[in-house]
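Examination of the molecular architecture
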Amino acid sequence: MTATISPLIAGNWKMNGTRASLDELSALAGMLTSGAAPRAIVVICPPATIVAAAARQGAPSGIVVGGQDCHVEVSGAYTGDIAAGMLADAGAQYVIVGHSERRSGHGETDEQIRMKAIAAIGAGLKPIICIGETEAQREAGDAEAVVASQLAGSVPDAAENHEVNIAYEPIWAIGTGRTPSNEDIAAMHAFIRQKLVDRFGEKGLSIRILYGGSLKPQNAREILSIENVNGGLVGGASLLASDFYTIISAV
Ligand code: PEP
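Residues numbered from 1 in each chain as written. Predicted model: local features only at pLDDT ≥ 70, side-chain atom pairs only at ≥ 80, totals over all residues. Heavy atoms only, no water.

Observations concerning the pairing of strand β3 (residues 64-67)
Alternating residues of β3 divide into Val-64 and Gly-66 and Val-65 and Gly-67, and every residue in both groups is buried. Bridge count for strand β2 (residues 41-45) against β3 is two bridges, and the pairing is parallel. Opposite Val-43, over in β3, you have Val-64 as the bridge partner. Handedness of the crossover is the feature at issue here: the chain leaves β2, passes through helix α2 (residues 51-58), returns alongside β3, and the resulting connection is right-handed. Judged from the two bridges that link them, β3 and strand β4 (residues 94-97) form a sheet pairing that is parallel. (Buried < 20%, exposed > 50% of the residue type's maximum accessible area, 1.4 Å probe, protein only. Helix = DSSP H or I, 4+ residues; strand = E, 2+ residues; numbered from the N terminus. Pairing = 2+ DSSP bridges. Right-handed = clockwise from strand over helix to strand, strands pointing away.)

Structure follows, in C-alpha cells:
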C-alpha cells in the first residue's frame, strides 16, 4: 500500500437491502467502535432507498455512505434516475460510477461515466470510478490496453485536484470467487499508477486505487498488502458485518 494514501474499504450492497439491513450496519458499527480504530475509511454503498437512513446510522461510528450510481445531470426529466446532488443531500459522501454491472446492464460508456464522475465532483461527492477487463480480454492479452482506454475515457481531467478513486475490478473476478494472482494484481495496479502519473504528474501518486473482485476475509490481508492497492471495493462480502469487518481489519 502506498504510504501517503489513506486506505479505503467500500462495500457495494448492489440491489440488496431494505431498512431491515440497517441492523447489519449497526452490527458493523458496534464492531468498529469496540475494537481498535480502523486504519481504513469505511464506506457502505447501500441501495438509494436507504442511503439517508444509513448515513444517519453510520455517522456516530465513522461509517460513511455512498451511492451506487448517479445521473450526469443535476435535475430534469429523467424518470427513475438519481442526481449526485440528491445523494449528497441524503448524506452520501461517495458514489460508485461505471461499475461493470452498469456498463454491461445499462450500456454505459466511458464518456458517460466520465460525465457522471464530473457530476459527482460538482455535487461534492467523491467518485469511485470502476474499470476492469473481461476474461476474454485478459486471455487475449488485452487487459492493459482495455484498462488504459477505460482510464483515459472515464477519469475526468483535473481529477488530481479532487478526491477521485479508481477501482480496478477484473470483471471475471466479480462475484465468482476467483481472483487474479497477487502478481497480476500488483502488475495491473502498478500499470494504473503509471498511467495516473503520466496524466496527472506527481498528484497521480496520491489517487487511490482500490482492488475489487471476490475480496473476502480469507484473501483480504494478502491482497490489501500489495503495493499500489490502496483499499478495496467489496460486493458479496460486504453484506455480512462480520465478513466486512474482517476485511476492514486486514488493512
Ligand atoms: C463488486 O461488484 O464490485 C464486487 C467486487 O463484487 P464481489 O466482491 O462480490 O466480487
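Some points on the site of the ligand
As a matter of local geometry, the ligand sits amid 14 residues, with Lys-14, Glu-169, Gly-175, Ser-214 and Gly-235 nearest to it. Side-chain polar atom of Lys-14 to an oxygen atom of the ligand: 2.5 Å apart, as the coordinates give it. Within the complex, the protein chains bury 98% of what would otherwise be the 290 Å² of accessible surface of the ligand. Here the shell around the ligand is composed, by residue class, of four nonpolar, eight polar and two charged. (Near = heavy atom within 4 Å. Polar contact = N/O pair within 3.5 Å; in protein donor to acceptor, adjacent residues only side chain to side chain. Areas by Shrake-Rupley, 256 points an atom, 1.4 Å probe, with all protein chains shown as cover. Nonpolar A, V, L, I, M, F, W, Y, C, P; charged D, E, K, R; others polar.)

Describing the pattern of salt bridges
Using the criterion set out here, one finds 13 salt bridges in the structure. Between Arg-103 and Asp-110 there is a salt bridge; the shortest N-O distance is 2.6 Å. Neither residue differs from the other here; Arg-103 and Asp-110 are each classed as buried. Two residues, Glu-108 and Lys-116, come together in a salt bridge whose shortest N-O distance is 2.7 Å. (Salt bridge = Lys/Arg side-chain N within 4 Å of Asp/Glu carboxyl O.)

Examining helix α1 (residues 22-34)
A rise of 1.5 Å per residue sets the reference length of α1, with its 13 residues, at 18 Å; its end C-alpha atoms lie 18 Å apart and thus fit the reference within 8%. Listing the buried residues of α1 in full gives Leu-22, Leu-25, Leu-28, Ala-29 and Leu-32. Projected down its long axis, α1 carries its buried residues within an arc of 105 degrees, all on one side. In this structure, α1 carries Asp-23 and Ser-34 as exposed residues pointing more than 90 degrees from its buried face. Structurally, α1 contributes buried residues whose contacts are with β2, α2 and α10 (241-249). (Expected span 1.5 Å × (residues − 1). Arc of directions from axis to C-beta. Contact = heavy atoms within 4.5 Å.)

Examining the sheet that holds strand β7 (residues 208-212)
Pairing within the closed barrel is parallel, and its eight strands lie in the order β1-β2-β3-β4-β5-β6-β7-β8. Adjacent strand axes in the sheet meet at a mean angle of 25 degrees when their direction is disregarded. (Axes fitted to C-alpha atoms, helices over the stretch in contact; angles between N-to-C directions.)

Describing the packing of helix α7 (residues 143-154) against helix α8 (residues 182-200)
Here α7 crosses α8 at 35 degrees, and the two axes come no closer than 11 Å. Seen from above, α7 lies across α8 with right-handed handedness. In this structure, α7 uses Ala-143, Glu-144, Val-147, Ala-148, Leu-151 and Ala-152 to contact α8, whose residues at the interface are Met-188, Phe-191, Ile-192, Lys-195, Leu-196 and Arg-199. The class makeup of the residues in the contact of α7 with α8 is nine nonpolar, no polar and three charged. (Left-handed = near helix turned anticlockwise from the far one by under 90°.)

Considerations on the pairing of strand β5 (residues 126-131)
Regular strands show a simple pattern: their side chains alternate between the two faces of the sheet. Taken across its six residues, β5 has five buried, putting it largely inside the fold. Note: β4 against β5, four bridges, orientation parallel. Bridging across to β5, Val-97 finds its partner in Ile-129. In this structure, β5 lies alongside strand β6 (residues 165-168), joined through four bridges in parallel fashion. If you follow Ile-129 over to β6, its bridge partner there is Ile-166.

Overview of the environment of Asp-110
Positionally, Asp-110 belongs in helix α5 (residues 110-122). A C-alpha to C-alpha distance of 8.4 Å links Asp-110 and Ala-152, two positions 42 residues apart in sequence. Filtering out sequence-adjacent residues up to four positions away, Asp-110 remains in contact with Arg-103, Ser-149, Gln-150, Gly-153 and Ser-154. There is a polar contact of 3.0 Å between the side chain of Asp-110 and the side chain of Ser-154.

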